[in-house]
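# Overview (structure and organization)
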Amino acid sequence: MWFLYTSIILFNAAAFLMKKHLRGIEYYASIFWGLFFSNLADRFTDKHDMYGFFGPYFIDLKTLLIIVGIYPAATMLIINWFPFNRSIAKKIMYILFWSLFSILFEWLSINAGFLYHHKWNLWLSAATYPIIYFLLIANVKFIHWLEKRN
């Protein structure tokens, strides 16, 4: 559990101490969209017992610590430093960096015992993370579009 608690502290310290490049509404909307999207994905993967936290089909306080303690802070970090006004190559490299970081964190989480894989593996995660991060960034761009429209 020390890895989980340390991760929560480090992710949140980084998220709240970093220099913010976006407005509060962008973080707020992105966090809730990310939580919705992860919950939706988890419903599909839970049905087939692909992966989970601690034990299958059960949300407990430890699982809520992960969902509330890590997901929002990670979302803030990912969208905050995205190179919106840079080249496509820099954007792709940024998403690949976060994907590699996430695979490493997932591997550490498995070894720490708070994440398990049944019908899932790190290769599937490697294919999924870039899509998830692209959707997070697309959500920020959608927020910008909505605001310009008004």
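Keep in mind the model is a prediction, meaning the values are calculated, not measured.

## Some remarks on the nonpolar core
Among the nonpolar cores identified, the biggest contains 35 residues, and Phe 11, Ile 79, Phe 114 and Tyr 133 are the most heavily contacted of them. Of all elements in the fold, only helix 1 (2–17), helix 2 (24–47), helix 4 (71–80), helix 5 (88–112) and helix 6 (122–149) reach the threshold of two or more residues within this core. With six residues, the top contributor of residues to this core is helix 4. Apart from the residues lying within four places of it in its own chain, the contact partners of Tyr 133 are Ile 78, Ile 95, Trp 98, Ser 99 and Ser 102.

## Section: the packing of helix 1 against helix 5
The description of two helices packed together rests on the angle between their axes and the distance between the axes. Direction vectors running N to C along helix 1 and helix 5 enclose 150 degrees, while the axes themselves pass 10 Å from each other. Taken together, the axis directions place helix 1 and helix 5 in an arrangement best described as roughly antiparallel. Where helix 1 abuts helix 5, its residues Phe 3, Ser 7 and Phe 11 lie against Phe 101, Phe 105, Leu 108, Ser 109 and Ala 112.

## Details of the environment of His 117
Position of His 117 among the secondary structure elements: in strand 2 (residues 116–117). For the pair His 117 and Ala 73, spaced 44 residues apart in sequence, the C-alpha separation works out to 23 Å. Not counting residues within four places of it along the chain, the set of residues in contact with His 117 comprises Met 50, Tyr 51, Glu 106, Ile 110 and Leu 122. Among the polar contacts listed, one links the side chain of His 117 to the side chain of Glu 106, at a separation of 2.6 Å.

## Considering helix 3 (residues 61–69)
Inspection of helix 3 places Thr 63, Ile 66, Ile 67 and Gly 69 among the buried residues, and these make up the whole buried set. Those residues of helix 3 that are buried lie in contact with helix 1, helix 2 and helix 4.

## Observations concerning a nonpolar patch on the surface
Side chains of Ile 88, Ile 92, Met 93 and Leu 96 sit close together on the surface and give an oily, nonpolar patch of about 420 Å² of accessible area. Note that Leu 96 resides in helix 5.

## Notes on the pattern of salt bridges
Evaluation of the coordinates by the stated rule reveals two salt bridges. Three or more residues joined by partner-sharing salt bridges are found here, namely Arg 23, Glu 26 and Glu 147.

What counts and how
Residues numbered from 1 in each chain as written. Predicted model: local features only at pLDDT ≥ 70, side-chain atom pairs only at ≥ 80, totals over all residues. Heavy atoms only, no water. Core = buried A, V, L, I, M, F, W, Y, C linked by side-chain atoms within 4.5 Å. Buried < 20%, exposed > 50% of the residue type's maximum accessible area, 1.4 Å probe, protein only. Helix = DSSP H or I, 4+ residues; strand = E, 2+ residues; numbered from the N terminus. Contact = heavy atoms within 4.5 Å. Axes fitted to C-alpha atoms, helices over the stretch in contact; angles between N-to-C directions. Parallel < 35°, antiparallel > 145°, perpendicular 65-115°, else oblique. Polar contact = N/O pair within 3.5 Å; in protein donor to acceptor, adjacent residues only side chain to side chain. Patch = residues over 30% accessible without salt bridge, like charges linked within 9 Å, V, L, I, M, F, W, Y side chains within 5 Å. Areas by Shrake-Rupley, 256 points an atom, 1.4 Å probe, with all protein chains shown as cover. Salt bridge = Lys/Arg side-chain N within 4 Å of Asp/Glu carboxyl O.

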